[in-house]
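Observations on the three-dimensional arrangement
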Number of protein chains: 4
Amino acid sequence: MSTIKKIAVLTSGGDAPGMNAAIRAVVRTAIYNNVEVYGVQRGYDGLVSGSIVEMNAKSVANIIQRGGTILKTVRSSEFKTKEGRVKAYENIQKLGIDGLIVIGGDGTFTGASVFGKEFDFPIIGLPGTIDNDLSGTDYTIGYDTAINTVMDAVDKIRDTAESHDRVFVVEVMGRDSGLIALRSGISIGAEAVLIPEIEVDYDAIMKRLDQTRKNKSSRIIMVAEGDKDGGLVVAEKIKAKFPHYDVRVSILGHIQRGGKPSCMDRVLASRLGVSAVEGLIEGRRGEMVGVRGGDVAYSPFEKSIKHIDKINTHLTKIVDILSQ
Amino acid sequence: MSTIKKIAVLTSGGDAPGMNAAIRAVVRTAIYNNVEVYGVQRGYDGLVSGSIVEMNAKSVANIIQRGGTILKTVRSSEFKTKEGRVKAYENIQKLGIDGLIVIGGDGTFTGASVFGKEFDFPIIGLPGTIDNDLSGTDYTIGYDTAINTVMDAVDKIRDTAESHDRVFVVEVMGRDSGLIALRSGISIGAEAVLIPEIEVDYDAIMKRLDQTRKNKSSRIIMVAEGDKDGGLVVAEKIKAKFPHYDVRVSILGHIQRGGKPSCMDRVLASRLGVSAVEGLIEGRRGEMVGVRGGDVAYSPFEKSIKHIDKINTHLTKIVDILSQ
Amino acid sequence: MSTIKKIAVLTSGGDAPGMNAAIRAVVRTAIYNNVEVYGVQRGYDGLVSGSIVEMNAKSVANIIQRGGTILKTVRSSEFKTKEGRVKAYENIQKLGIDGLIVIGGDGTFTGASVFGKEFDFPIIGLPGTIDNDLSGTDYTIGYDTAINTVMDAVDKIRDTAESHDRVFVVEVMGRDSGLIALRSGISIGAEAVLIPEIEVDYDAIMKRLDQTRKNKSSRIIMVAEGDKDGGLVVAEKIKAKFPHYDVRVSILGHIQRGGKPSCMDRVLASRLGVSAVEGLIEGRRGEMVGVRGGDVAYSPFEKSIKHIDKINTHLTKIVDILSQ
Amino acid sequence: MSTIKKIAVLTSGGDAPGMNAAIRAVVRTAIYNNVEVYGVQRGYDGLVSGSIVEMNAKSVANIIQRGGTILKTVRSSEFKTKEGRVKAYENIQKLGIDGLIVIGGDGTFTGASVFGKEFDFPIIGLPGTIDNDLSGTDYTIGYDTAINTVMDAVDKIRDTAESHDRVFVVEVMGRDSGLIALRSGISIGAEAVLIPEIEVDYDAIMKRLDQTRKNKSSRIIMVAEGDKDGGLVVAEKIKAKFPHYDVRVSILGHIQRGGKPSCMDRVLASRLGVSAVEGLIEGRRGEMVGVRGGDVAYSPFEKSIKHIDKINTHLTKIVDILSQ
């Protein structure tokens, strides 16, 4: 029989659409299993400062459709110190909490891993980040919404590109990963997608721009934030090669993190929230819960954190074929 | 070396968002491989009547974001007769077409299977239907858009449900399959999801409605079209049990088929369109191309047509847990 | 100097997008003017039962973008009785409330008018209804959102109509008024718009359907709920005249009331909420505040309630011209 | 009787959502009145180069919902020279065109005014610009869509602002006018709106930011492009005053021009397109057609071009009141 009687949930790192759906699933699954549940405000900072409040089914009513996180989130510095973590543990002890669920990305799981070992404390992680750059899961919560947001924005930009026969260079989020750029790039019919994982072949891009001029009135180059050049430089290079082109740059920025979560993100968040609580009850700890090949799968924090190249080469090839 | 030099593409059955993205991918992949490509108007009817026009890269410019199908679609009756299929074959022969790509659902592949065997003709199918009720692929083109459309509609209905403390019974598409109801139901936090694949436990539903009254100001029951009762009867049953409830019915109807495709549907359609042409060139025939576990996979028409229960029991359980 | 020190706000009748923006504006304008402000739950029912809670700036944080009404709404029966209104007045007296703001439609203002005279109590009304069927204002709060919702839904339906060469008959809200049907009909390029205010000329409609067959692959007839035939009968008539047409009906239903308010509705609700409180402070009573020709304008409840024909004949003519 | 037998239509300047709806209305109204109609490609450039094609009802089928302009648009330099205009006139003469309709903004009407006088040629203008900065009309085609696009983007940004307790400075389009910033600012509940028409009172803004800290977890400052400081500098000033605030900047950029037009923009474009053709037929020339107080109104190009301050002081006051 499970010894888990009281758990807490927090969100940490950058916010991602679907975090609220995950919080809701955690809270309701806990209640379903007669486990008390607390919400920690502002990520690990709230653990350290003791901003921890009891939650019930009503606390999470009507939030499944909302972007952001009702628990708020920060990138905590105090939790990175031993003193901070000791305070956090004391707060947890005081309330009798015997399990923790953390929703976030790479940094969140690093913190959870350290804390879990230090105090021998059961923690399960949920992948909540728009970047989709975690091993151990095919998709992270927030990724599907983010690529749809990018797609909708570029659909709008294309109207102008079409009307003015322009080339647009669009820079999207992804400091270390081109996954947002790659899928959204395919979805909007990009001429080329520049991502940090693959070396850029400017000759090929220029050749293609030249060739497609007749067939296409709008041409869009997607650039991941982590590209070594970045959107502005890419635009300059195109301009240098084709001075007669009307080239514009658009850096999409913060709209990519927000918005109401897509259906896929809500379902994913609900599944993982349920499985996180069930995992804790079954005695799991130090693991992230994700989906692989359609099924729920757990993997140790160490494996989730380690960045594995998730770029699907079938997708990069598709960009080349379809930009004809 | 491939003998495929000239192919045709058509859409058949009910339209689905992403069909245009699939057509675009087929046309551009053909051109990329120096294969000529024709578009057949109005599904199999166009094959029979000879409404077949040459396509080029420009024919499919600026369509990736559009719902419906530029090739139009009908449910053909003439193609179901031997005479019709003979005419179709003659038209194909006349133009020198040596391969066919059909985008549609169950009925589409049945026709393709018969025709392919009858005339020993190479055909590859793409799963294009909002119902997601085909074996051989985890997702069909159009499904993700449809569940997002349902979700958006119910998010709107919930505003009214919340404001008036109402119970809403929402009926969604899916004559034989509850897959639309199930995922969209989770995404909007349904109290219960009634689908043809699972026997309905009205006692449990009534009990839950009674229990959740305090925690929830809006309560929504999702009903698949294929449910043996249907939305109106379900509402009457609730009303009979709880006469003081304000119960309303909404049958979402035709909006579920249209709209601009989601990012996932555009990427899926692009991948499958590319792989369909590549499959033909590699000598494949009589197969549907889908995705399984994230990878492209081919399966014989017979296996794709045969309806296999795709209901994920993890998802049905989630509905119960999260409706607390 | 104003004698208004404490006011209450409520929403009544059917919910409409922008009601929350109006509540927010009322609350913040009261605070800005050092007036205490209370929120009444569930419309006039809450007045009768005493469900009245104090509100502050934080009560209305983060609601401007939400559909429905956080104060909830019912169509009250008790307030229609003298006993009910006496109870309501006693509750108001008990809290020392000296002014009331009601957000709703025709029925809401009728109640306000009776109550205001009966107890000589200052009340200002805000037009909150998707129907736009009130005199004294060019637009009601919720109308712009509703016509955009209808338009988005029909844009989706058109994808299917185009793909299948269908005629769609779409029935939209408006029991007494064709204003939703008329504007949304123009926005989606309807062949004809059938509204209660204008006698239907079926001969002209049939002639047009016949003529436009060649130029248009999708044809849509908009029908207001208040049309004497209704969508189903209209479809039957078309089918009887043109048996070879593929005619479908879509009744949009409850999605039309919800959704996040449009920019125009939020701005309108904000302006009217500010002006309602300012009006009360200036000593106004028994009036509805609206916009006319771009400016805020007050009119007595009697004049607002009286239904005046607001159908712009320029718009009905446009439907005829543009359906060529 | 009218002497107008053949007209041409063009779009010029920056593209705006609703231009296609306007083109559609012009073409269909011409046909309705038995007037032949031509489309000029790429604005005045197309007049000069003779890129002029005949249009019919089918040319404008299925475009009412599309952003951008199917006729394309450029900012022409050749038309600014006498030689260019002579060529344009010769092309018009060659085709027997006896009336011209131009859709665009300030620069478009300046060109039309010069050309119309120079060759004594009948021209009617339609206000097509997202900036709403033209006299003679309450609203320009594209404005309503643009403010809704800004609102939707900031609704997304607010999710992140809420989750991280951040202050966001959002810069929106409007080089000479704060109209986009003002209305969209009210719609998203901005703390302050900085526009070129009104001197910025930084002391008041800082004071408000300080005061609202407790009531609001997200605070957003809207800045029009034409503000003398601009978004980046505004953010620096806030940061300098409140170093402990987490302040971010978002420059929305090109997404503001595109997207499918709102209902209001489609109806406006339809009305003005009809009235433009009717005006030409009635013998009008050298005028822009707009709406004032809900009715169609014509005004001479000179009056439309002259920038009159359209800032509604009721709206600026509302920002102050509601940011409590």
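Residues numbered from 1 in each chain as written. Chains lettered and ligands numbered in written order. Predicted model: local features only at pLDDT ≥ 70, side-chain atom pairs only at ≥ 80, totals over all residues. Heavy atoms only, no water.

Scanning chain A from terminus to terminus reveals 11 helices and 11 strands. Its C-alpha atoms give chain A a radius of gyration of 22 Å, within 12% of the compact-globule value 20 Å for 324 residues. Principal axes of the C-alpha set define a box for chain A whose edges measure 70 × 35 × 35 Å. In chain A, buried positions account for 66% of the 324 residues. (Helix = DSSP H or I, 4+ residues; strand = E, 2+ residues; numbered from the N terminus. Rg over C-alpha atoms; globule rule 2.2 N^0.38 Å. Buried < 20%, exposed > 50% of the residue type's maximum accessible area, 1.4 Å probe, protein only.)

Next up on the list: the packing of aromatic side chains. By the definition in use, this model includes 40 aromatic pairs over all chains. For the pair Y139 of chain A and Y143 of chain A, a centre-to-centre distance of 6.3 Å together with 20° between the ring planes defines the contact as stacked. Residues Y89 of chain D and F119 of chain D carry aromatic rings whose centres are separated by 4.5 Å and whose planes lie at 15° to one another, so their mutual orientation is stacked. Here F119 of chain D lies in the loop between α4 (106-118) and β5 (123-127) and Y89 of chain D lies in helix α3 (residues 82-95), a separation of 30 residues in the sequence. Feature note: the residues Y44, F79, Y89, F115, F119 and F121 of chain A constitute an aromatic cluster, connected by ring pairs. The ring of Y298 of chain D is capped by R284 of chain D, whose NZ or CZ atom sits 3.9 Å from the centre of that ring. (Phe/Tyr/Trp six-rings, centres within 6.5 Å; stacked < 30°, edge-to-face > 60°. Lys NZ or Arg CZ within 6 Å of the ring centre and 35° of its normal.)

To continue, consider the packing of helix α7 (residues 202-211) of chain A against helix α8 (residues 231-241) of chain A. Residues and elements named next belong to chain A. Between α7 and α8, the shortest axis-to-axis distance is 11 Å and the interhelical angle comes to 60°. By the angle between their axes, α7 is oblique relative to α8. Regarding α7 and α8, the two cross each other, and that crossing is right-handed. For the pair α7 and α8, the contacting residues are Y202, M206 and L209 in the first and V234, K237, I238 and K241 in the second. Residues of the contact of α7 with α8, tallied by class, amount to five nonpolar, no polar and two charged. (Axes fitted to C-alpha atoms, helices over the stretch in contact; angles between N-to-C directions. Parallel < 35°, antiparallel > 145°, perpendicular 65-115°, else oblique. Left-handed = near helix turned anticlockwise from the far one by under 90°. Contact = heavy atoms within 4.5 Å. Nonpolar A, V, L, I, M, F, W, Y, C, P; charged D, E, K, R; others polar.)

Residue and element names in this part refer to chain D. Taking 1.5 Å of rise per residue, 14 residues should cover 20 Å, and helix α1 (residues 19-32) covers 20 Å from first to last C-alpha, within 8% of that figure. Most of α1 sits inside the fold, with 12 of its 14 residues counted as buried. Along α1, the residues classified as buried are M19, N20, A21, A22, I23, R24, A25, V26, V27, R28, T29 and A30. N34 occupies a position one or two residues after α1 and carries a positive phi of about 60°. (Expected span 1.5 Å × (residues − 1).)

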